Amino acid sequence: MKTVHPVTDQLEPDPLDPGQIVSGDPVTSSLTLAENDGSTQEVGFWRCEPGVFRDVEATETFLVITGRAVIEFDTGETITVGPGDIHRFHGGEKTLWKVEETLLKTYWARV
């Protein structure tokens with residue numbers, strides 16, 4: 001399903017490092033809505049098309065607007081996120097994202 005919203009038209013390419021991609025073509029894009037003067041905190045939107053990739057997380061809280069993904073942590077924990085789900089990363093966590101349906105989330109992060 002394609003999400004049609006004025007915000008999605010403003011998302012700009014924000015590609016993953018090719019070394020992060022495990023399988024598929026997880027094309028990513030984002031839009032920063034606000035950041036503090038030191039650029040250490042930001043709020044925005046992030047979208048990812050289906051695929052599998054590895055990441056190291058920033059300290060972040062996010063809300064899934066559309067889509068679905070399974071996130072595996074190097075601790076062995078696995079969570080599934082979909083519309084309406086909120087999650088908080090504590091920063092430094094190593095993850096494996098399995099994006100099953102194009103994911104759109106809004107986030108609040110310390111970068």
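That block above? That's the structure.
Here the structure is a predicted model, which is why all the values come from computation and not from measurement.

Q: How should the layout of surface pockets be read in this particular structure?
A: One way to see where empty space is left: roll a probe the size of a water molecule over the atoms. In this structure, the largest pocket encloses a volume near 420 Å³. Surrounding the largest pocket, 20 residues form its lining, Asp14, Trp46, Asp55, Glu57 and Glu60 being those nearest its centre. At the level of elements, strand 3 (28-35), strand 4 (41-48), strand 5 (51-56) and strand 9 (94-110) are the ones that each hand at least two residues to the lining of the largest pocket. Looking at the lining of the largest pocket element by element, the count peaks at 4 residues for strand 9.

Q: What am I meant to see in the nonpolar core here?
A: Across soluble globular proteins, nonpolar side chains have a tendency to be buried as a group. Ranked by internal contacts, the top residues of the largest apolar core, which has 17 residues, are Phe62, Ile71 and Trp97. Of all the secondary-structure elements, those providing two or more residues to this core are strand 4, strand 6 (59-73), strand 7 (78-81) and strand 9. For Ile71, the contacting residues outside a window of four places in its chain are Phe62, Glu77, Thr78, Ile79, Val81, Phe89, Thr95, Leu96 and Trp97. Counting residues in each nonpolar core, the second largest holds 5 residues, with Val7, Leu11, Leu31 and Leu104 among its members.

Q: How do you make sense of the pairing of strand 6 when you look at a structure like this?
A: The side chains of a regular strand alternate, residue by residue, between the two faces of the sheet. When strand 6 meets strand 8 (residues 86-90), the two strands line up antiparallel, connected through 5 bridges. The residue of strand 8 that forms the bridge with Leu63 is Ile86. Sheet topology places strand 6 next to strand 9; 13 bridges connect them, and they run antiparallel. Paired with Ala69 across the bridge in strand 9 is Val99. Between the end of strand 6 and the start of strand 7, which pair antiparallel, lie 4 residues, with Gly76 showing a positive phi angle near 100°.

Parameters and conventions
- Residues numbered from 1 in each chain as written.
- Predicted model: local features only at pLDDT ≥ 70, side-chain atom pairs only at ≥ 80, totals over all residues.
- Heavy atoms only, no water.
- 1 Å grid on protein atoms, 1.4 Å probe; cavity = no way out; pocket = protein on both sides within 12 Å on 5 of 7 lines; lining within 4 Å.
- Points joined across faces, edges and corners; volume = space filled by probe spheres on them.
- Helix = DSSP H or I, 4+ residues; strand = E, 2+ residues; numbered from the N terminus.
- Core = buried A, V, L, I, M, F, W, Y, C linked by side-chain atoms within 4.5 Å.
- Buried < 20%, exposed > 50% of the residue type's maximum accessible area, 1.4 Å probe, protein only.
- Contact = heavy atoms within 4.5 Å.
- Pairing = 2+ DSSP bridges.

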